[in-house]
Amino acid sequence: MSDDIPKPDRIEGAPHPRETPRLIGQGAAEAAFLDAYTDGRLHHAWLLTGPRGVGKATFAWRAARFLLAHDERADAPTSLDIAPDHPVARRLLARSEPQLYHITRTINEQTKRMRDMIVAENVRSLHGFLSLSSTDGGRRAVIIDSADEMNVQAANALLKMLEEPPARTTLFLISHQPSGLLPTIRSRCRELRLPPLDAGDMAAALTQAGIEQGSDTQALAALSGGSVGEAVRLINLGGLKLYAELVQLFADLPNIDRPRALALANAAAQRGTEDRLNLLIWLIELLLSRMARTGAAGAAPSPEGAPGEAQMLARAAPDLASARRWADCAQDVGARMRHGRAVNLDPAALVLDTVFRIQKTAAH
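The numbers attached to residues start from 1 for each chain and follow its sequence in the written order. With the structure being a predicted model, the display of local features is reserved for residues of pLDDT at least 70 and the display and counting of side-chain atom pairs for 80 or more, all residues being used for whole-chain, interface and lining totals. The side-chain quantities take in all heavy atoms of the structure and omit both hydrogens and water.

*Asks:* Would you mind going over the sheet that holds strand β5 (residues 140–145) with me for this structure?
*Replies:* Strand pairing in a sheet takes place through backbone hydrogen bonds and is either antiparallel or parallel in direction. For two strands to pair, DSSP has to find at least two bridges joining them. Helical segments are the DSSP runs of H or I of at least four residues, strand segments are the runs of E of at least two, and each set is numbered from the N terminus. One open sheet holds the five strands; their spatial order is β2-β5-β6-β1-β7, and the pairing between them is parallel. A strand with exactly one partner marks an edge of an open sheet, and here the two such strands are β2 (100–103) and β7 (190–193). Recorded for the sheet is a direction-independent mean angle of 20 degrees between the axes of neighbouring strands. Note that β2 and β5 share four bridges and pair parallel. When the bridges of β5 are listed, leucine 100 appears paired with alanine 141. Only heavy atoms matter for contacts: two residues are in contact if any of them lie within 4.5 Å across the pair. Note on definitions: angles span 0 to 180 degrees between N-to-C directions of axes, and those axes are lines fitted to C-alpha atoms, for helices only across the stretch in contact. Contacts between helix α1 (residues 27–38) and the sheet are confined to β1 (45–49), β6 (169–175) and β7, with β7 contributing the most and set at about 150 degrees to the helix.

So, in structure tokens, the structure goes:
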């Protein structure tokens, strides 16, 4: 795969999960997997669930590395750590391990573009891997990142494999939204949920990835929801500053600063800002959800996502009735903005329409 094409299983600006030396903040998940291994109850398929960016792919690579390095249960390991100079670790890093198969979205040979889903041929190619690697009788591992991206044909092809699991093969299915998977696939896997990281673990994970966090670590933790992946996106695209602009824009609802709204809309319409526009949509939905939470709980979420946010939220959502209005607004605005993006509406008009809908909700 060309280096100038984004990798579908890697967060831009962060190391690939196979290169991450340590999984931070997911000790309970690692302990559960290790217990199953040492007790001889290792399931043939593991469904790794939880929010995007909390370490599910890193866990899958660590567990696969561990299994391939510990071919037999002759020892009693106390962690999933494998020495970096172990042959398996070195082969995985070099992407030359013959006993591991990695399924993710691939390039469409006709269009030369990244597919938006995992197709049946990606899953069916597993048969060749299993037949070739079964000759030595060793353990094998398969990572699917992410299972949410399989189309119907790919999901059905995987289901057949799960119904008749290959011997000495462990599958790791990474899923951010397991409710969207076929129930028959979920029922044939053991689910292992990885929770969001707290602020301390997130800071440690970002430091390990070599990512400069800046001084607003509390705001970063608040807005990312415990997801390292979202934290990296916020850092890369100036998300903290963008959220602060939204807080200032809506500080005096139902009054808004129209020049500020126009500046926000015009910035969203500039060429080459598609990722930033997507982030803006996400941040607006996040702000509305925090408004609804404030009205329902009677207090603003802590810590603040930007200076003055708590005061703005308390003013906009003082009671339960306002919480319901903001929850309805979040649902309506989110649907309209996603539809607008899908049909390529003018970004500036889309942002302004959203701002005025929020103003209208505040005026009720």
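*Asks:* Just to check I follow, could you spell out unusual backbone geometry for this structure?
*Replies:* Peptide bonds are mostly trans, and most non-glycine residues show a negative phi. The step from aspartate 145 to serine 146 runs through a cis peptide bond, and the omega angle for that step is 0 degrees. If you trace the backbone, serine 146 turns up in the loop between β5 and α6 (152–163). Omega for the peptide link from leucine 253 to proline 254 comes to 10 degrees, which places this bond in the cis form. Positionally, proline 254 belongs in the loop between α11 (239–249) and α12 (258–268). Here arginine 95, not a glycine, exhibits a phi torsion of approximately 60 degrees, which is positive. Considering the arrangement of structural elements, one finds arginine 95 in the loop between α3 (87–93) and β2. The backbone of asparagine 344 shows a phi angle near 60 degrees, a positive value even though the residue is not glycine. When you line up the elements, asparagine 344 lands in the loop between α15 (320–342) and α16 (347–363). The buried label applies to any residue whose accessible area, calculated with a 1.4 Å probe on protein chains only, is under 20% of its type's maximum; exposed applies above 50%, and partly exposed to all values in between. Residue classification places asparagine 344 among the exposed residues on the basis of a relative accessible area of 65%.

*Asks:* How should the packing of aromatic side chains be read in this particular structure?
*Replies:* Given two aromatic rings, their pairing is described by the distance between the two centres and the angle made by the two planes. Stacked, tilted and edge-to-face are the three classes applied to pairs of Phe, Tyr and Trp rings, where Trp contributes its six-membered ring and a pair requires centres within 6.5 Å; stacked means planes under 30 degrees apart, edge-to-face means over 60, and tilted covers the rest. Following the criterion strictly, the structure yields five aromatic pairs and no others. For the pair phenylalanine 33 and phenylalanine 59, a centre-to-centre distance of 5.8 Å together with 90 degrees between the ring planes defines the contact as edge-to-face. Here phenylalanine 33 is found in helix α1, whereas its partner phenylalanine 59 is found in helix α2 (residues 56–69), with 26 residues between them in sequence. Note on accessibility: phenylalanine 33 and phenylalanine 59 belong to one class, buried.

All we've got here are geometric facts, nothing functional implied.
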